[in-house]
Amino acid sequence: MAAILSCDTSSTEPVDAYAYFPLEVGRYVIYNVREEIYSSGQANPVIKTSQEKDEIEEVSTNADGIATYTLSRSTRNSSSDYWQKVKEFTVQKFPDKILTSIDNQTFFSLVFPVDENITWNGNTYNNLEPREYHYENINASGTIGAQNFDKVLTVVERKDTSIINKYVGIKQYGLGIGLISDDQINYEFCQSEECIGSGKIESGTRKTRQIIEHGDN
């Protein structure tokens, strides 16, 4: 799997933080998707690969001036296949935040202004358990697969690791592009006397989305 890298230093040049989540009708991003599925009793995970395309289809504005963008998500098994639309979701842009509503849940994706000292509950607008989000490596450079990005914003949505499980959620946004990577890990480790503490994955999943193309239609 291609590595996701970021340098440790951030640029001091002023940046329009809203440009980390650009919203314009016709804008699209294509991702390589890889999913590893671990099951008890299976030596190796089942690996599934595909591609996903998110495209902004339309925008509406309410009386308060808040814009709601409707996006389509399409999938295909490989670049030689046709896209098949599988769902729609919305993104709302407020002066102080970005909200993403997908699969009947609304998530507090980004908060403004961007600051490494800020934390917020990503589940403020849904009924899920509170989850503290925070920023890391603001405006740092990064590499996703073979692509280099001058300015990347990292959002840590979850990073819980213990002797029995590992839950990680990390998204990266590229300036002027939007989401460039998404890494979601949900592992349950072996807990028998023979292997507890070894880090052996008993069950769970890891799903990654990494940008391969972006543009405007």
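None of the values given here were measured: they were computed from a predicted structure. (Residues numbered from 1 in each chain as written. Predicted model: local features only at pLDDT ≥ 70, side-chain atom pairs only at ≥ 80, totals over all residues. Heavy atoms only, no water.)

J.: Help me understand the overall build of the protein in this model?
T.: Each helix and strand in the protein was counted, giving 0 helices and 13 strands. At 18 Å, the protein has a C-alpha radius of gyration in line with the 17 Å of a compact globule built from 217 residues. In terms of overall dimensions, the protein has C-alpha extents of about 60 × 45 × 35 Å along its principal axes. Burial statistics for the protein: of 217 residues in total, 41% are counted as buried. For the protein, restricting intrachain contacts to residue pairs at least 6 apart in sequence, the fraction spanning at least 24 positions comes to 46%. Here the protein has roughly 11,800 Å² of accessible surface; of this, 45% comes from carbon and sulfur atoms. Treating the 20 positive side-chain charges of the protein as one cloud and the 32 negative ones as another, the clouds have centres 4 Å apart. (Helix = DSSP H or I, 4+ residues; strand = E, 2+ residues; numbered from the N terminus. Rg over C-alpha atoms; globule rule 2.2 N^0.38 Å. Buried < 20%, exposed > 50% of the residue type's maximum accessible area, 1.4 Å probe, protein only. Contact = heavy atoms within 4.5 Å. Areas by Shrake-Rupley, 256 points an atom, 1.4 Å probe, with all protein chains shown as cover. Lys, Arg positive; Asp, Glu negative; His and termini not counted. Charge placed at Lys NZ, Arg CZ, Asp CG, Glu CD.)

J.: Quick question: what am I supposed to make of the layout of surface pockets here?
T.: Regions of empty space are outlined by a rolling probe, equal in size to a water molecule, passed over the atoms. There is about 1,000 Å³ of room inside the largest pocket. Lining the largest pocket are 43 residues; nearest its centre among them are Arg73, Ile102, Lys171, Asp182 and Arg209. Top contributing element to the lining of the largest pocket by residue count: strand β12 (residues 178-189), with 6 residues. Looking at the lining of the largest pocket residue by residue, the classes come out as 20 nonpolar, 9 polar and 14 charged. (1 Å grid on protein atoms, 1.4 Å probe; cavity = no way out; pocket = protein on both sides within 12 Å on 5 of 7 lines; lining within 4 Å. Points joined across faces, edges and corners; volume = space filled by probe spheres on them. Nonpolar A, V, L, I, M, F, W, Y, C, P; charged D, E, K, R; others polar.)

J.: Would you mind going over the confidence of the model for the protein with me for this structure?
T.: In low-pLDDT regions, the fine details of the predicted coordinates are not to be read closely. Residues of the protein with pLDDT of at least 70 account for 94%, and the chain-wide mean is 92. Under a pLDDT of 50 for its full length, residues 1-12 has, in the predicted model, 34 contacts with residues more than four places off or in other chains. (pLDDT = per-residue confidence, 0-100.)

J.: Would you explain the state of the cysteines in this entry?
T.: Two cysteines joined by a covalent bond between their sulfur atoms form a disulfide. One pass over the structure, following the stated rule, counts 1 disulfide. Disulfide partner of Cys190: Cys195, at an S-S distance of 1.7 Å. (Disulfide = S-S within 2.5 Å.)

J.: Looking at this structure, I do not really get the nonpolar core. What am I missing?
T.: Inside soluble globular proteins, nonpolar side chains tend to come together where they are buried. Judged by nonpolar contacts, the single largest core of 36 residues is most densely connected at Leu110, Tyr135, Tyr173 and Ile211. Listed by contribution, the elements that provide at least two residues to this core are β2 (27-38), β4 (67-76), β5 (84-94), β6 (97-102), β7 (105-111), β9 (132-144), β10 (147-161) and β12. Val168, Ile185, Tyr187 and Phe189 belong to the second largest nonpolar core, which has 5 residues in total. (Core = buried A, V, L, I, M, F, W, Y, C linked by side-chain atoms within 4.5 Å.)

J.: Whenever I open this one, the environment of Ser162 confuses me. Can you help?
T.: Relative to the helices and strands, Ser162 is located in the loop between β10 and β11 (165-174). A residue is classified by how much of its surface remains accessible, and Ser162, at 33% relative accessible area, is partly exposed. Placed 39 residues apart in sequence, Ser162 and Ile201 show a C-alpha to C-alpha distance of 12 Å. In terms of polar contacts, Ser162 uses its side chain to reach the backbone amide nitrogen of Ile164, at 3.2 Å. (Polar contact = N/O pair within 3.5 Å; in protein donor to acceptor, adjacent residues only side chain to side chain.)

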